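As a plain string of letters, each chain reads:
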Amino acid sequence: MLTLTADPSTPTETRPLDQSELVAEAKRLKAETRALVLAHLYQRPEIQDLADFVGDSLGLSQQAAATDNDLIFFCGVHFMAESAAVLSPQKTVILPEPKAGCPMADMVTPEGLREMKAKYPGVPVVAYVNTSAAVKAESDICCTSRNAVKVVESVDADSVIFIPDRNLAAYVQSKTKKKVIPWPGFCPTHNRIKSQDLTRMKEAHPEAIVLVHPETDQAIMAQADQIFSTEGMRRFVRESPAKEFIIGTEMGILHALQRDRPDASFYFPSGDEQICPNMKSTTLRKLVLAMERRGPVVTVPEDIRLKAKRALDRMIAIQ
Ligand code: 13P
Ligand code: SF4
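Here goes a summary of the coordinates provided. (Residues numbered from 1 in each chain as written. Chains lettered and ligands numbered in written order. Predicted model: local features only at pLDDT ≥ 70, side-chain atom pairs only at ≥ 80, totals over all residues. Heavy atoms only, no water.)

### Comments concerning the sheet that holds strand β4 (residues 53-55)
So, point 1. Taken in spatial order, the four strands make up an open sheet running β4-β3-β5-β6, and their pairing is parallel. Sheet topology places β4 and β6 (92-94) at the edges, where each strand pairs with a single neighbour. Direction aside, neighbouring strands of the sheet carry axes that sit 20° apart on average.
So, point 2. As defined by bridge partners, strand β3 (residues 36-40) adjoins strand β5 (residues 71-75) across four bridges and the pair is classed as parallel. Counted as the bridge partner of Leu38 is Phe74 from β5. (Pairing = 2+ DSSP bridges. Helix = DSSP H or I, 4+ residues; strand = E, 2+ residues; numbered from the N terminus. Axes fitted to C-alpha atoms, helices over the stretch in contact; angles between N-to-C directions.)

### Overview of the site of ligand 1
So, point 1. Every one of the 14 residues lining ligand 1 counts as a neighbour, but His40, Ser57, Ser145, His213 and Thr230 are closest to it.
So, point 2. Contact with the protein chains hides 96% of the accessible area of ligand 1, taken as 300 Å² for the molecule alone.
So, point 3. When its residues are assigned to classes, the shell around ligand 1 shows five nonpolar, seven polar and two charged. (Near = heavy atom within 4 Å. Areas by Shrake-Rupley, 256 points an atom, 1.4 Å probe, with all protein chains shown as cover. Nonpolar A, V, L, I, M, F, W, Y, C, P; charged D, E, K, R; others polar.)

### Considering the pairing of strand β9 (residues 159-163)
One face of the sheet, then the other: side chains in a regular strand alternate in exactly this way.
So, point 1. Within β9, four of the five residues are buried, which leaves the element mostly enclosed by the surrounding structure.
So, point 2. Where strand β7 (residues 125-128) lies against β9, three bridges are found, and the strand directions are parallel. Looking at β9, one finds that Val125 is bridged to Ile161.
So, point 3. Two strands pair when backbone bridges link them, and β9 and strand β10 (residues 179-182) are joined in this way by four bridges, in the parallel orientation. In the strand pairing of β10, Ile161 is matched with Ile181.
So, point 4. The handedness of the β9 to β10 crossover, carried by helix α8 (residues 166-173), is right-handed. (Buried < 20%, exposed > 50% of the residue type's maximum accessible area, 1.4 Å probe, protein only. Right-handed = clockwise from strand over helix to strand, strands pointing away.)

### Concerning the pairing of strand β11 (residues 209-212)
So, point 1. Neither face of β11 is open: one carries Ile209 and Leu211, the other Val210 and Val212, and all of them are buried.
So, point 2. Both β11 and strand β13 (residues 244-248) contribute to a ladder of four bridges, which runs parallel. Bridge pairing in β13 links Val212 to Gly248.

### Points about the sheet that holds strand β8 (residues 141-143)
So, point 1. One open sheet holds the four strands; their spatial order is β8-β7-β9-β10, and the pairing between them is parallel. Looking at which strands have only one partner, the edges of the open sheet turn out to be β8 and β10. Neighbouring strand axes in the sheet, compared pairwise and without regard to direction, differ in orientation by 30° on average.
So, point 2. On top of the sheet, helix α5 (residues 110-119) reaches β7, β9 and β10; it is set at about 165° to β9, its chief contact. (Contact = heavy atoms within 4.5 Å.)

### So, the pattern of salt bridges
So, point 1. For the structure shown, the criterion picks out 19 salt bridges.
So, point 2. Here Glu138 ties to Arg114 by a salt bridge, and the two come within 2.7 Å at their closest N and O atoms. Residue Glu138 is found in the loop between α6 (133-136) and β8, and its partner Arg114 is found in helix α5; the two are separated by 24 residues along the sequence.
So, point 3. By relative accessible area, Arg114 is classed as partly exposed at 40%.
So, point 4. Residues Lys243 and Asp263 are paired through a salt bridge, measuring 3.1 Å at the closest nitrogen-oxygen approach. (Salt bridge = Lys/Arg side-chain N within 4 Å of Asp/Glu carboxyl O.)

### Things to note about the site of ligand 2
So, point 1. In the region of ligand 2, the neighbouring residues are Tyr42, Val77, Cys102, Pro103, Met104, Asn130, Cys187, Glu215 and Cys276.
So, point 2. Class assignment for the residues of the shell around ligand 2 results in seven nonpolar, one polar and one charged.

### Remarks on helix α12 (residues 253-260)
So, point 1. Buried residues of α12: Ile253, Ala256 and Leu257, and no others. Along α12, the residues classed as buried sweep out an arc of 100° about the axis, all on the same side.
So, point 2. Turning to α12, the residues buried within the fold contact α2 (45-50), α11 (230-239), β13 and β14 (265-267). (Arc of directions from axis to C-beta.)

### Brief notes about the packing of aromatic side chains
So, point 1. Tallying each qualifying case throughout the model produces two aromatic pairs.
So, point 2. Ring centres 5.5 Å apart and planes at 40° place the aromatic pair Phe228 and Phe236 in the tilted group.
So, point 3. With a relative accessible area of 21%, Phe236 lands in the partly exposed category.
So, point 4. Measuring from centroid to centroid gives 5.6 Å for Phe245 and Phe266, while their planes differ by 15°, and the two rings are stacked. Of the two residues, Phe245 is situated in strand β13 and Phe266 in strand β14; the sequence distance between them amounts to 21 residues. Both residues of the pair, Phe245 and Phe266, count as buried. (Phe/Tyr/Trp six-rings, centres within 6.5 Å; stacked < 30°, edge-to-face > 60°.)

What follows is the structure in structure tokens.
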């Protein structure tokens, strides 16, 4: 597997596939399996290039829910593939690198959430999609960074518990009159973006527009011109007449930005610190292996799935 016979007459002589052969093999297997390949905007360029759809968490969950394909290769992190499995139990959802998790999602457990709910009886829980299905099952409605304000506004209550991202919670709080009670989680990658680095970058490129993700620290958001989800950033850049942008999110987004705006320059204030190791753990080689093996499949116990689906369906219904 994943080797080519150098010469068919000498079948023992094999070598690993090189990059172009991996691309060709992935395309062949994709056509053979008639699978849908979904990729988050933080994925490696070669994975994004192979995907049928590249997008943010909201776009990917909408695609997963709407597709007729029975087989989905989800190039992202575990909670994303799990959400697809929750929404479409009849489909086979494969996460090529099963260890691709999200440290922020791991910061809240169902037990911890139940304790918080006991402290605020009757207060609805809004769960960022960056949570496990078991945590979603304990929540009232899900949100992504693109629709978080809209979701919180849609809830019929004056207060909400917002899990797990304290920074996204603070961003939502700045946009709503409702009381947002945050869980103290955070994204390690976005929180490595330093305020001093951003200040220096702004001084070096005074014409640049500063776009940051709401998972960044509040000090970073305070220095930004615009705050967007990854897809929101992509749309803004596409339509903007500006030629320079300072980007406060994971570096994988650069591939899509450069493709859309080859005439523009993009600067990442904290450089390699803005790389999420989990998002980069899916490689082309692992995708090809997953296509060959049709696994590893992501599954969710049915009782949890049904409860988590309710929270996801409520989010999808308000788009
Ligand atoms: P969005 O793509 O929804 O903006 O999410 C960012 C993220 O960190 C996903 O893990
Ligand atoms: Fe999780 Fe942050 Fe990585 Fe997104 S970028 S998967 S939120 S650790």
